[in-house]
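Structural overview
Here is what each chain is made of, one letter per residue.
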Amino acid sequence: MTTTPPRELPEFDVDSTIYKHLADSQMNVELDTGDMILNIGPQHPATHGTLRLVVRLDGERVIAADPIIGYMHRGYEKLTEFRTYPQITTLINRIDWLSSFANEVPFIAGAELLMGIEAPPRALWIRTALTELSRIATFLLFLGEMGLQVGAITPAFYGFRDREYVLNLIEASTGGRFHPNFNRIGGIKDDLPWGWIADTRECMAKVLESCDTFEDLVVGNPIFEQRTRSIGIIPAELGAGYGVSGSNLRASGVDWDLRRDGNPHLPYDQLDWKVWTHPDGDSFARYWVRLQETRESARMVLQLIDGLPSGPIMAKVPRIIKVPAGEVWVNTENPLGEMGYYIVSKGATGPFRVKIRSASFSNVSILPWLLRGVYVPDVITILASLYFILGDIDR
Amino acid sequence: MSPDAPDVVEEQPPALTEQAEEILSRLRTALGDGIVDDGGAYGGLILRVRRDAWLPAAEAGKGAGECDYLSFISAIDWMPAPALADEGSGDTSNPVQPRETTYGVTGSEGRFQVFAHLESTQRQRWGVTLKVDVDENDPRLPSWVGVYPGADWHERETWEMYGVVFDGHPSLRHLYLPHEFEGNPLRKDYPLLAREVKPWPGLVDVEPMLGDAADAAADADEASAE
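These numbers come from a predicted model, not from an experiment.

**A look at the overall build of chain B**
Broken down by element type, chain B carries five helices and seven strands. In chain B, of all internal contacts separated by at least 6 residues, the share reaching a separation of at least 24 is 63%. Summing over all exposed atoms, chain B offers an accessible surface of approximately 11400 Å²; the carbon and sulfur share of this is 53%.

In structure tokens, the structure reads:
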């Protein structure tokens, strides 16, 4: 057997350098390219609002990313200093607009702690049920939309359809699809309407069924796996240092859920449920964890409506709400992560200072680290899998 | 509240939880006299540290305190809120803050205080709030970015909103506001411009509707009955 001689280069070449590279054993000598600066956003479907991402590209690879936020900054921390406690729930509804009800809960719980008021059990159970319903609504949108970002349109329709069922339930009990403003200091505004419990039971069956559909359609799909497996890995320790919380951190294997591990503001300890984690920390893990959590929330809602205690829905509250001087830090598990309020009161009808700790702000602050070295199409899946709401970043 | 509690309600710190006591004893060992004062708010631990102990406090919080998770960093301006134009109207929809300067749990030396909250992802109900006074005329602190990478954005926000400079921060630039913005909007002496242009309408702006007079009479009856 004779060895083939090295290939002759054409003499007349136009692209002689390229041919030389091809013939050269050092094929992987990188071609000299200039950096390119690419603006992603402010308007992009993966950003749920107006997030601008300035990325510096070397070919298809991101070498630096800088998120520019503030397009939706509404100055809520300043505005809370000029409003009374009942007025503020209207504002904080708009922080994370997909799960508005869950935003109200920690603030109201903080004001109740400062005033020494305890909401009656029925109010707490309804609060928990509505918080879990808004979690389901938020996650259903994610489960559908994440498919859309990798090119699968069908899950988006399922996601939007099933979310609408849940929003109908929220609307039936609170009167608002997106901004319920339903929590009151000392309880909730109204009792549940007639027939709501039967509707909820029916709807939760649909949600559980739809989770199975997502599992079949998306999780088992080889294209989806290729686009999300080992993409955008957040190491657990680094994620915690950045303040990444909620499902994003649980997808990195951290078994930490404020519903179980935080201060008990809602009666989660009376329910039978489990915290889901995934060891991988990639985009796929974040999708998988949220899918399991949607199921878990549906089971929790079923338990909540079965065990709903009777009794009043409001504690005795003074007509004009004056909160005694003091400080309190209250955080709860929002659908997007840790949502907290540090309330400083000086005994007036409004707070002196409210620090709003929103989940997406810290979740997105890891992006400059996370996007370094990934390819442009993966930027989109990483953004979608982190799942943030711009109102929750910009406040 | 027990009946033999002292008269000054604000200075009565509620008991610390077991976990908070444990963190307190660990951080006391680590920081020594760097801790100026400690207090509690509804079971949670609040520590006020000396300015030169701000960076060691983060390191101790992460190391000995086992708080691997940075929740937030922000600041408080303890200056009393300036009076609003329509305060005397008796409109209860407009909160009137007290005029005297008071400081919250663990107190403060001056106007500005930076505070942060740390938590542990490995334990249950495990967290600490750290506070530090900063100089009013030259607010300056060492940056936490080397300890908690998430401090980056929180410190940018605090710098932008309160003017606190963080030494050693990689790029202290505007986060929310345009880069040419001047002033520190969350300081108490920075006016809420919307209110300057037009006072809060509150109750006076509502147009009277049919039957309002009857409702007002019913309200008055109810109020007198109470």
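Further notes follow.
**Brief notes about the interface of chain B and chain A**
Listed by partner, the interface residues are 63 residues for chain B and 58 residues for chain A. Buried area between chain B and chain A, summed over both chains or domains, comes out near 4900 Å², and the portion from carbon and sulfur atoms is 57%. Counting the surface chain B buries against chain A, the share from its top three residues, Y42, W153 and Y176 of chain B, is 17%. Seen at the junction of chain B and chain A, the total is five salt bridges. At the surface where chain B touches chain A, the tally comes to 29 residue pairs in polar contact (both at pLDDT 80 or more). Elements represented by at least two residues in the side of chain B that touches chain A include exactly β3 (69-77), β4 (112-119), β5 (127-134) and α3 (151-162) of chain B. Among the elements that make up the side of chain B that touches chain A, the one with the highest residue count is β3 of chain B (nine residues). Residue composition of the side of chain B that touches chain A, by class: 33 nonpolar, 15 polar and 15 charged.

**Quick notes on the confidence of the model for chain B**
Here chain B shows a mean pLDDT of 80. Residues at 70 or above account for 78%. A low-confidence stretch, residues 1-11 of chain B stays under pLDDT 50, and its non-local contacts, those more than four residues away or across chains, total three contacts.

**Looking at the sheet that holds strand β6 (residues 326-334) of chain A**
All names here are of chain A. Strand order across the open sheet formed by three strands is β6-β7-β8, with antiparallel pairing between neighbours. Two strands in the sheet have a free side with no partner beyond their single neighbour: β6 and β8 (353-357). Direction aside, the axes of adjacent strands within the sheet are offset by 10 degrees on average. Across nine bridges, β6 lies against strand β7 (residues 337-345) in antiparallel orientation. Residue pairing across strands places V328 opposite I343, the latter belonging to β7.

**Examining the environment of G163 of chain B**
Residue and element names in this part refer to chain B. Topologically, G163 is positioned in the loop between α3 and β7 (165-167). Under the relative-accessibility criterion, G163 is labelled buried at 16%. Between the alpha carbons of G163 and P185 there is a distance of 9.3 Å; along the sequence they are 22 residues apart.

**A few points about the pattern of salt bridges**
Counted according to the given criterion, the structure contains 40 salt bridges over all chains. A salt bridge links E112 of chain A to R127 of chain A; the shortest N-O distance between them is 2.9 Å. Remark: R127 of chain A occurs in helix α5 (residues 121-149) and E112 of chain A occurs in helix α4 (residues 100-115); sequence separation between them is 15 residues. Judged by relative accessible area, E112 of chain A falls into the buried class, the value being 6%. Here R28 of chain B makes a salt bridge to D38 of chain B, at a shortest N to O gap of 2.8 Å.

**Points about the nonpolar core**
Looking at soluble globular proteins, one finds that nonpolar side chains tend to be buried together. Counting residues in hydrophobic clusters, the biggest one holds 70 residues, and the most contacted among them are V49, W54, V114, V128, L130 and W144 of chain B. Ignoring sequence-local partners within four residues, the contact set of W54 of chain B consists of V49, V114, A116, L130, K131, V132, L141, P142 and W144 of chain B. Residues W125, I188, Y268 and W273 of chain A belong to the second largest nonpolar core, which totals 55 residues.

**Topic: the packing of aromatic side chains**
Under the criterion given, the structure shown has 22 aromatic pairs over all chains. Centre to centre, the rings of F101 of chain A and F182 of chain A are 6.5 Å apart; their planes meet at 45 degrees, and the pair counts as tilted. In this pair, F101 of chain A is assigned in helix α4 and F182 of chain A in the loop between α6 (154-174) and β4 (183-184), connecting sequence segments 81 residues apart. For the pair F101 of chain A and F182 of chain A, a shared accessibility class is recorded, and that class is buried. R123 of chain B extends its terminal NZ or CZ atom over the ring of W126 of chain B, reaching a point 4.2 Å from the ring centre.

**Topic: the packing of helix α12 (residues 283-306) of chain A against helix α15 (residues 376-386) of chain A**
All names here are of chain A. Where α12 meets α15, the closest approach of the two axes is 9 Å, and the angle between their N-to-C directions is 30 degrees. Taken together, α12 and α15 sit at an angle that is classed as roughly parallel. As for how α12 packs across α15, the hand of that crossing is left-handed. Residue-level contacts link S283, R286 and R290 of α12 to T381, I382, S385 and L386 of α15. For the contact of α12 with α15, the class distribution of residues is two nonpolar, three polar and two charged.

**Some remarks on the sheet that holds strand β3 (residues 61-68) of chain A**
All names here are of chain A. Here we have three strands laid out as an open sheet, ordered β1-β2-β3, and antiparallel in their pairing. Two strands lie at the open edges of the sheet, namely β1 (36-40) and β3, each paired on one side alone. Each neighbouring strand pair of the sheet contributes to a mean axis angle of 20 degrees, computed without reference to strand direction. Sheet topology note: the strand β2 (residues 52-58)/β3 ladder contains seven bridges and is antiparallel. Within β3, the position partnered with D58 by the bridge is R61.

Here is what the cut-offs are and how they apply
- As a convention, each chain's residues are numbered from 1 in the sequence order in which they are written.
- Chain letters and ligand numbers both follow the written order, the letters beginning at A and the numbers at 1.
- Two thresholds apply to this predicted model, a pLDDT of at least 70 for residue-level local features and 80 or more for giving and counting side-chain atom pairs, whereas whole-chain, interface and lining totals are computed over all residues.
- With hydrogens and water set aside, each side-chain value is computed from the structure's full complement of heavy atoms.
- Each helix is a run of DSSP H or I of at least 4 residues and each strand a run of E of at least 2, with the numbering of both proceeding from the N terminus.
- Residue contacts are defined here by distance: any two heavy atoms, one from each residue, within 4.5 Å place the two residues in contact.
- Using a 1.4 Å probe, the Shrake-Rupley method yields the accessible areas, and only the shown protein chains count as cover for residues.
- Reported buried area values correspond to the accessible surface (1.4 Å probe) lost by two parts on association, with both partners' losses combined.
- When a carboxyl oxygen of Asp or Glu lies within 4 Å of a side-chain nitrogen of Lys or Arg, that pair is called a salt bridge.
- For this analysis, a polar contact is any N or O atom pair within 3.5 Å, provided that within protein one partner can donate a hydrogen and the other can accept it, and provided that sequence-adjacent residues contribute only side-chain to side-chain pairs.
- Under the convention adopted here, Pro, Cys and the residues Ala, Val, Leu, Ile, Met, Phe, Trp and Tyr are nonpolar, Asp, Glu, Lys and Arg are charged, and Gly plus all remaining residues are polar.
- The pLDDT value tells you how sure the predictor is about a given residue, anywhere from 0 up to 100.
- Strand pairing is assigned whenever DSSP identifies at least 2 bridges connecting the two strands.
- Fitted lines through C-alpha atoms give the axes, limited to the stretch in contact for helices. The angle between two N-to-C directions lies from 0 to 180 degrees.
- Here the term buried applies to any residue with accessible area under 20% of the maximum for its type, exposed to any over 50%, and partly exposed to those in between, with areas from a 1.4 Å probe on protein chains only.
- By nonpolar core is meant a set of buried Ala, Val, Leu, Ile, Met, Phe, Trp, Tyr and Cys residues that side-chain atoms within 4.5 Å join together.
- The pairing test for Phe, Tyr and Trp rings, Trp by its six-membered ring, is centres within 6.5 Å, and the orientation test on the planes gives stacked under 30 degrees, edge-to-face over 60, and tilted for anything in between.
- In this scheme, the term charge over a ring applies when either NZ of a lysine or CZ of an arginine sits within 6 Å of the ring centre and within 35 degrees of the ring normal.
- Should an angle fall under 35 degrees it is taken as roughly parallel, and over 145 as roughly antiparallel, whereas 65 to 115 is taken as roughly perpendicular and any remaining angle as oblique.
- Each helix crossing is assigned a hand: it is left-handed if the near helix lies turned anticlockwise from the far helix by less than a right angle, otherwise right-handed if that turn is clockwise.

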